[in-house]
Amino acid sequence: MKVMVLKNFIVFEGIDGAGTSTQIKKLVEREPEHFAATAEPTTGETGRFLRRMLGGEFSVDEKTNAYLFAADRCEHIFGKGGVQELCEGGKIVVSDRYFFSSMAYQSVSCGEELPRLLNSPFPLPEYLFYFVINPEVSLGRVTARGEKKEIYETIEKQKKIAAQYEKVISEYEKTAAGSGMKIVRIDAEKSIDEISAEIWKILKR
């Protein structure tokens, strides 16, 4: 398990349709002078390649997929203008997804060992908000958007990913007190405003 915590770094995690993007948008709009939003895959070259792959334009070996996500994440955190630089400069950076996603999504397809190894160099966030939701509810939200679904957005895959997420988050909960990372479980089936208020109550301190 990782021990380094990156101060001022917050991560929102959850399966597709859990509402993480919506809540990050609301948080940043509340105090744009303090908060900066980011996401994985990133908007960089590797991130754009991954977005095309997730959209089904082409496929790569699942192990290649794991390496690509780790490469994109390395630039996201440590690259010029990246998360670490922003946090050290006083910004509170909120990311939609981080390595916990890789350990959930990619572990389903290529096993747990490679995602754990590739993501071991990355720091922990100061806060991890884990959005818990029934996969059928979340996939219903995704369908309601009317957009083309990504390759992971099937009920069979989402159920497996949700189970793996639970395993990963539970493991980190056992060591969170010692690591300095704070983990907050969010009932993602509550209303948008209820969730927003709950998150803000925690972070405004």
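Residues numbered from 1 in each chain as written. Predicted model: local features only at pLDDT ≥ 70, side-chain atom pairs only at ≥ 80, totals over all residues. Heavy atoms only, no water.

Let us now look at the overall build of the protein chain. Of regular secondary structure, the protein chain possesses 9 helices and 5 strands. The helix and strand sequence of the protein chain, counted from the amino end, reads β-α-β-α-α-α-β-α-α-β-α-α-β-α. In terms of overall dimensions, the protein chain has C-alpha extents of about 40 × 35 × 35 Å along its principal axes. The buried share of the protein chain, reckoned over its 205 residues, is 47%. (Helix = DSSP H or I, 4+ residues; strand = E, 2+ residues; numbered from the N terminus. Buried < 20%, exposed > 50% of the residue type's maximum accessible area, 1.4 Å probe, protein only.)

What follows concerns the pairing of strand 1 (residues 5-13). Most of strand 1 sits inside the fold, with 7 of its 9 residues counted as buried. Here 6 bridges tie strand 1 to strand 4 (residues 124-132), and the two strands are oriented parallel to one another. Looking across to strand 4, one finds that V11 is bridged to L128. In this sheet, strand 3 (residues 92-96) lies alongside strand 1 in parallel orientation, the contact comprising 4 bridges. Across the sheet, I10 pairs through a bridge with V94, a residue of strand 3. (Pairing = 2+ DSSP bridges.)

Our next topic: the pattern of salt bridges. A full pass over the atoms with the stated rule returns 14 salt bridges. Residues E126 and K7 are paired through a salt bridge, measuring 3.9 Å at the closest nitrogen-oxygen approach. Of this pair, E126 sits in strand 4 while K7 sits in strand 1, and the two are 119 residues apart along the sequence. A relative accessible area of 16% places E126 in the buried class. What emerges from the salt-bridge pattern is a single network uniting E112, R116, K167 and E171. (Salt bridge = Lys/Arg side-chain N within 4 Å of Asp/Glu carboxyl O.)

In this structure the tally under the stated criterion is 15 aromatic pairs. Put simply, the rings of F9, Y98, F99, F100 and Y172 pair up and form one aromatic cluster. Between K182 and the ring centre of Y127, over which it is positioned, the NZ or CZ distance is 5.1 Å. (Phe/Tyr/Trp six-rings, centres within 6.5 Å; stacked < 30°, edge-to-face > 60°. Lys NZ or Arg CZ within 6 Å of the ring centre and 35° of its normal.)

Now for the side chain of E40. In this structure, E40 sits in the loop between strand 2 (35-39) and helix 2 (45-54). Reaching out from E40, the side chain makes a polar contact with the side chain of H76 at a distance of 2.8 Å. Dropping the residues within four chain positions of it, E40 is found in contact with R51, R73, H76, S95, D96, R97, Y98 and F99. (Polar contact = N/O pair within 3.5 Å; in protein donor to acceptor, adjacent residues only side chain to side chain. Contact = heavy atoms within 4.5 Å.)

Bringing the layout of surface pockets into the picture now. Each pocket or cavity is described by its volume, and for the largest pocket that value is around 750 Å³. What lines the largest pocket is a set of 38 residues, and nearest its centre among them are D16, G17, S21, R97 and R145. Elements that contribute at least two residues to the lining of the largest pocket include exactly helix 1 (20-30), helix 2, helix 3 (62-78), helix 5 (99-110), helix 7 (135-144) and helix 9 (192-203). Here the residues of the lining of the largest pocket sort into 12 nonpolar, 12 polar and 14 charged. By volume, the second largest pocket is sized at about 290 Å³. Along the wall of the second largest pocket there are 21 residues; nearest its centre are T38, T42, T43, E75 and H76. Where the lining of the second largest pocket is concerned, the elements lending two or more residues are strand 2, helix 2, helix 3 and helix 4 (83-88). (1 Å grid on protein atoms, 1.4 Å probe; cavity = no way out; pocket = protein on both sides within 12 Å on 5 of 7 lines; lining within 4 Å. Points joined across faces, edges and corners; volume = space filled by probe spheres on them. Nonpolar A, V, L, I, M, F, W, Y, C, P; charged D, E, K, R; others polar.)

Relative to the assigned elements, P115 resides in helix 6 (residues 113-119). Through-space distance from the C-alpha of P115 to that of M103 is 5.5 Å; in sequence the pair is 12 residues apart.

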